[in-house]
Amino acid sequence: MGFFDKLKEGLKKTKNAITERIDQVLVSFGKIDEELFDELEEILITSDVGAEATLKIIEDLKKKVKDNKITDPLKVKELLKDELKELLSTGSSELNVETSPSVIVVVGVNGVGKTTSIGKIANQLKQSGKKVVMAAADTFRAAAIDQLEIWANRVGVELIKHAEGSDPAAVVFDAIQAVKARKSDVLICDTAGRLHNKKNLMDELKKIFRIIERELPEASKEVLLVLDATTGQNAIVQAKTFKEVAPVSGIVLTKLDGTAKGGIVVAISSELNIPVKLIGVGEKIDDLQRFNADEFVEALFS
């Protein structure tokens, strides 16, 4: 199965929730009027596109319909697709791993698929010929270290770890020394995701970033926030909180195949102005894919 087919399959629930309902509305209306736009607005909001993004989409649609003197409701669909592609094209979806070494710091609350995402990213980078080291800097939970070790063994990359309860920054420091000694290309750091204690999280992350900056000042740096698509609008709340404590440069959106709320991709791009870099559309090791706005929208409407 090619990437596009996999994406189509993974977005099936969202497709049923958004595009099939949009098709029904456009077919049932004989003309373009305020009621038609109200129906479209309701579909987008209930699919977790978010109020802010939905209002912008509807306003732009009205303007384009008027400017282009469009009278056929079915033609609104193409305009809507263009509008979504535009909204989703926030920044580059390429991972910034230009230098050798480069550093990827992964943040996110527990349970969103952070460890699995790290494993899958490590696998992708290794497949592209890069030498990868992982740092188990979520020392708050023994399970996080164990999980990461399973992934490191599965992918065949080195893991630097300390005992549970150790200083996360010390783990990162040791991992950086290992990267330098082994001339590795990419260091991927896991971090703890305790949002209920934001002060601790902030202090911990600041210390980690200070060490990375001091030890690898010239390195390309990427801070990826992992969000679970099935949590809908709650993902936006998490993202806003993490933006306060870390210089988030990209989003990894997991479990898109398990939700009808795939519209959250639009809300994230629109409200947070952070590019979605990777999306998870399945359980397999290669089911974490680089996000492409055009392909995403085409798969959703195909």
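Everything below is about the structure shown above.
Student: Teacher, can you tell me more about the pattern of salt bridges here?
Tutor: Pairing is possible between side chains that carry opposite charge, provided their charged atoms lie close to one another. All chains considered together, the criterion is met by 24 salt bridges. Residue K64 pairs with E83 through a salt bridge whose shortest N-O separation is 2.7 Å. Of the two residues, K64 is situated in helix α5 (residues 51-67) and E83 in helix α6 (residues 76-88); the sequence distance between them amounts to 19 residues. The class for K64 is partly exposed, based on a relative accessible area of 23%. Looking at E83, the relative accessible area reads 1%, which means it is buried.

Student: Even after reading the chapter, I still don't get the pairing of strand β6 (residues 250-254), so can you show me in this structure?
Tutor: Looking along a regular strand, one sees side chains alternate from face to face of the sheet. The element β6 is extensively covered by neighbouring structure, given that five of its five residues are classed as buried. Alternating positions in β6 separate into two faces, G250, V252 and T254 on one and I251 and L253 on the other, with burial throughout. Sheet topology note: the strand β5 (residues 221-228)/β6 ladder contains five bridges and is parallel. Bridge pairing links V226 to V252 in β6. A crossover connection joins β5 to the parallel β6 through helix α11 (residues 233-245); in handedness this β-α-β unit is right-handed. Of the strand pairs in this sheet, β6 and strand β7 (residues 276-280) are connected by three bridges, and their pairing is parallel. Opposite L253, over in β7, you have I279 as the bridge partner. You can see the chain leave β6, run along helix α12 (residues 264-272) and come back into β7, and the turn it takes is right-handed.

Student: Where do I start with the nonpolar core in this structure?
Tutor: One recurring pattern in soluble globular proteins is that nonpolar side chains are buried together. Membership of the largest hydrophobic core comes to 108 residues, with the highest contact counts inside it found for I104, I188 and F296. When residues of this core are assigned to their parent elements, the largest contribution, seven residues, is made by helix α9 (residues 168-182). Apart from the residues within four sequence positions on either side, I104 is in contact with L95, V97, I121, L125, V186, L187, I188, C189, E222 and L224.

Student: Whenever I open this one, the sheet that holds β7 confuses me. Can you help?
Tutor: One key point about sheets: their strands pair by backbone hydrogen bonds, in either a parallel or an antiparallel sense. Read from one edge of the open sheet, eight strands run β3-β2-β4-β1-β5-β6-β7-β8, paired in mixed fashion. Each having just a single partner strand, β3 (158-160) and β8 (288-290) make up the two edges of the open sheet. Each strand axis lies, on average, 25° off the axis of its neighbour in the sheet, ignoring direction. Contacting β1 (102-107), β2 (132-137), β4 (186-191), β5, β6, β7 and β8, helix α7 (residues 114-127) runs over the sheet at an angle of about 175° to β4. Taken strand by strand, α9 contacts β2, β3 and β4, and its axis lies near 165° from that of β2.

Student: So what exactly am I meant to see when it comes to helix α3 (residues 19-28) here?
Tutor: In an α-helix, one turn spans 3.6 residues, which is why side chains three or four residues apart end up on the same side. Among the residues of α3, those classed as buried are T19, I22, V25 and L26. All buried residues of α3 fall inside an arc of 120° around its axis, so they share one side. Facing away from the buried surface of α3 by more than 90 degrees, the exposed residues are Q24, V27 and S28. Where α3 is buried, its residues contact α2 (12-17), α4 (34-46), α6 and α13 (293-301).

Student: Hey, could you run me through unusual backbone geometry in this one?
Tutor: What is expected of a backbone is that most residues other than glycine have negative phi and most peptide bonds are trans. Looking along the chain, the bond that leaves S100 and enters P101 is cis, with omega of 5°. Mapped onto the elements, P101 comes out in the loop between α6 and β1. Unlike most non-glycine residues, K183 shows phi in positive territory, near 55°. With phi around 60°, K255 is a residue other than glycine that occupies positive phi space.

Student: Any chance you could explain the pairing of β2 here in plain terms?
Tutor: For β2, the tally of buried residues reaches six of six residues, placing the bulk of the element in the interior. Pairing of β2 with β4 involves six bridges; the strand directions are parallel. Residue pairing in the sheet places V133 in a bridge with L187 of β4. Here β2 pairs with β3 via three bridges, running parallel. For A135, the partnering residue across the bridge sits in β3 and is I160. Note on the crossover from β2 through helix α8 (residues 142-155) to β3: the handedness is right-handed.

What counts, and where the lines are drawn
Residues numbered from 1 in each chain as written. Predicted model: local features only at pLDDT ≥ 70, side-chain atom pairs only at ≥ 80, totals over all residues. Heavy atoms only, no water. Salt bridge = Lys/Arg side-chain N within 4 Å of Asp/Glu carboxyl O. Helix = DSSP H or I, 4+ residues; strand = E, 2+ residues; numbered from the N terminus. Buried < 20%, exposed > 50% of the residue type's maximum accessible area, 1.4 Å probe, protein only. Pairing = 2+ DSSP bridges. Right-handed = clockwise from strand over helix to strand, strands pointing away. Core = buried A, V, L, I, M, F, W, Y, C linked by side-chain atoms within 4.5 Å. Contact = heavy atoms within 4.5 Å. Axes fitted to C-alpha atoms, helices over the stretch in contact; angles between N-to-C directions. Arc of directions from axis to C-beta.

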